[in-house]
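# Secondary and tertiary structure notes
Below, each chain spelled out in residue letters.
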Amino acid sequence: MLSLRMRLAYINSEAAKEAVPRVADIMAEKLGWSSREKKRQITEATAYMNEFGGPVPDKSGAKLRSATLSSGALGVAVRGVS
């Protein structure tokens, strides 16, 4: 749910991990999960969330550079590019 439908795990994996218990509460209520099933779902979701990257880095002081690769930087001639 947090990765496929909401995409939260892709945006902020730490926030997704924090949301797992609350999302499990809501889903357990709506889907009629037992306590055992809810615990299993939380364990599985947490393990899955751990496969995503860590916290979003603070890039507030980052300086942007050109992402364009020029033919000169490659040291080769590229057709149509001088």
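Just so we're clear, the structure is a prediction, and the values are computed from it rather than from any experiment.

About the thresholds
Residues numbered from 1 in each chain as written. Predicted model: local features only at pLDDT ≥ 70, side-chain atom pairs only at ≥ 80, totals over all residues. Heavy atoms only, no water. Bend = angle between axes of the 7 residues up to and from the residue. Helix = DSSP H or I, 4+ residues; strand = E, 2+ residues; numbered from the N terminus. Buried < 20%, exposed > 50% of the residue type's maximum accessible area, 1.4 Å probe, protein only. Contact = heavy atoms within 4.5 Å. Polar contact = N/O pair within 3.5 Å; in protein donor to acceptor, adjacent residues only side chain to side chain. Salt bridge = Lys/Arg side-chain N within 4 Å of Asp/Glu carboxyl O.

So, on to helix H2 (residues 13-31). A maximum bend of about 40 degrees is found in H2 at Val20, where proline Pro21 lies one to four positions downstream. Of the positions making up H2, those classed as buried are Ser13, Ala16, Val20, Val23, Ala24 and Ala28. Buried-residue contacts for H2 involve helix H1 (8-11) and helix H3 (35-49). A side-chain oxygen of the first residue of H2 lies 3.1 Å from the backbone nitrogen of Glu14; this N-cap is Asn12. Positive phi shows up at Gly32, right after H2, with a value of about 70 degrees.

A few words on the pattern of salt bridges. Overall, the coordinates contain four salt bridges when judged by the stated rule. Arg40 is paired through a salt bridge with Glu37; the nearest N and O atoms lie 2.9 Å apart. A residue pair is termed a helical-turn pair when its members lie 3 or 4 positions apart in one helix, as Arg40 and Glu37 do in helix H3 at three residues. In this structure Glu37 comes out as partly exposed when scored by relative accessible area, which is 22%. Across the pair Arg40 and Glu44 runs a salt bridge, and its minimum N-O distance is 2.8 Å.

Here we take up the environment of Gln41. In this structure, Gln41 sits in helix H3. Distance from Gln41 to Ala28, taken between C-alpha atoms, is 9.3 Å for residues 13 residues apart in sequence.

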